[in-house]
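Read off the chains here:
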Amino acid sequence: MPEVLLATGRADLLGPFVDGLAESDDVHVRVVGSAADALEKARSNPPQLVIIDRALPDMQALELVVALLKINAMIHTAVVSSLSAEAFHEASEGLGVMPPLPDPPGPEDARQVINRLRQVLGSSDMA
């Protein structure tokens, strides 16, 4: 069962996105409100995917990506960003981040990121 961790300071605004993530019975979603909480969860029970909102109270999104890589390079990451795809690619080059999610992401974006995760994990046949 894929574990997905969403780090956001805007859980209320991202509610439809969280609902989209949780649509699949085989995906377990946890939401934390800070980068510090995300790092703690990554150390104690590493998820397969951490989705990082651009609006965290204690760290920039790409800084958190780097910190997660230091904890466990097998944790996949995605970032909610208002940058264009090209600008995001420039900023995140070499970090192995999935394509950026729009700000704010919706239920369809949730389904797409879960499908990408399944492909990366080699389990695209999971429904």
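Structure: see above.
Each value, and the rule that gives it
Residues numbered from 1 in each chain as written. Predicted model: local features only at pLDDT ≥ 70, side-chain atom pairs only at ≥ 80, totals over all residues. Heavy atoms only, no water. Helix = DSSP H or I, 4+ residues; strand = E, 2+ residues; numbered from the N terminus. Rg over C-alpha atoms; globule rule 2.2 N^0.38 Å. Contact = heavy atoms within 4.5 Å. Areas by Shrake-Rupley, 256 points an atom, 1.4 Å probe, with all protein chains shown as cover. Lys, Arg positive; Asp, Glu negative; His and termini not counted. Charge placed at Lys NZ, Arg CZ, Asp CG, Glu CD. Pairing = 2+ DSSP bridges. Right-handed = clockwise from strand over helix to strand, strands pointing away. Salt bridge = Lys/Arg side-chain N within 4 Å of Asp/Glu carboxyl O. Buried < 20%, exposed > 50% of the residue type's maximum accessible area, 1.4 Å probe, protein only.

1. Side note on the overall build of the protein chain
Piece 1. A count of helices and strands for the protein chain gives five helices and four strands.
Piece 2. Put simply, the protein chain runs from its N terminus to its C terminus through helices and strands in the order β-α-β-α-β-α-β-α-α.
Piece 3. Taken over the C-alpha trace, the protein chain has a radius of gyration of 13 Å; the compact-globule value for 127 residues is 14 Å, and the two agree within 12%.
Piece 4. Overall size of the protein chain, expressed as C-alpha extent along the three principal axes, is 35 × 30 × 30 Å.
Piece 5. Looking at the protein chain alone, contacts between residues at least 24 apart form 66% of all its contacts between residues at least 6 apart.
Piece 6. For the protein chain, the accessible surface area stands at approximately 6,300 Å², while carbon and sulfur atoms represent 50% of it.
Piece 7. Separation between the mean location of the 9 positive side-chain charges and that of the 18 negative ones in the protein chain comes to 4 Å.

2. As for the pairing of strand 4 (residues 76–79)
Piece 1. Where strand 3 (residues 49–52) and strand 4 come together, four bridges link them in parallel fashion. From the neighbouring strand, Ile52 faces strand 4, where its bridge partner is Val79.
Piece 2. At this point the chain moves from strand 3, through helix 3 (residues 61–71), to the parallel strand 4, and the crossover so formed is right-handed.

3. A few points about the environment of Leu56
Piece 1. Along the chain, the position of Leu56 falls in the loop between strand 3 and helix 3.
Piece 2. On a C-alpha basis, the gap between Leu56 and Ser81 in space is 12 Å, while along the polypeptide they are 25 residues apart.
Piece 3. Excluding its chain neighbours within four sequence positions, the residues that come into contact with Leu56 are Ala7, Thr8, Gly9, Gly33, Ser34, Ala35 and Leu64.

4. Considerations on the pattern of salt bridges
Piece 1. Following the criterion strictly, the structure yields seven salt bridges and no others.
Piece 2. Between Asp103 and Arg10 there is a salt bridge, with its nearest N and O atoms 2.6 Å apart. Here Asp103, found in the loop between helix 4 (85–92) and helix 5 (107–121), pairs with Arg10, found in the loop between strand 1 (3–7) and helix 1 (15–21); they are 93 residues apart in sequence, far enough to count as distant.
Piece 3. The exposure class of Asp103 is partly exposed, given its relative accessible area of 26%.
Piece 4. The class for Arg10 is buried, based on a relative accessible area of 13%.

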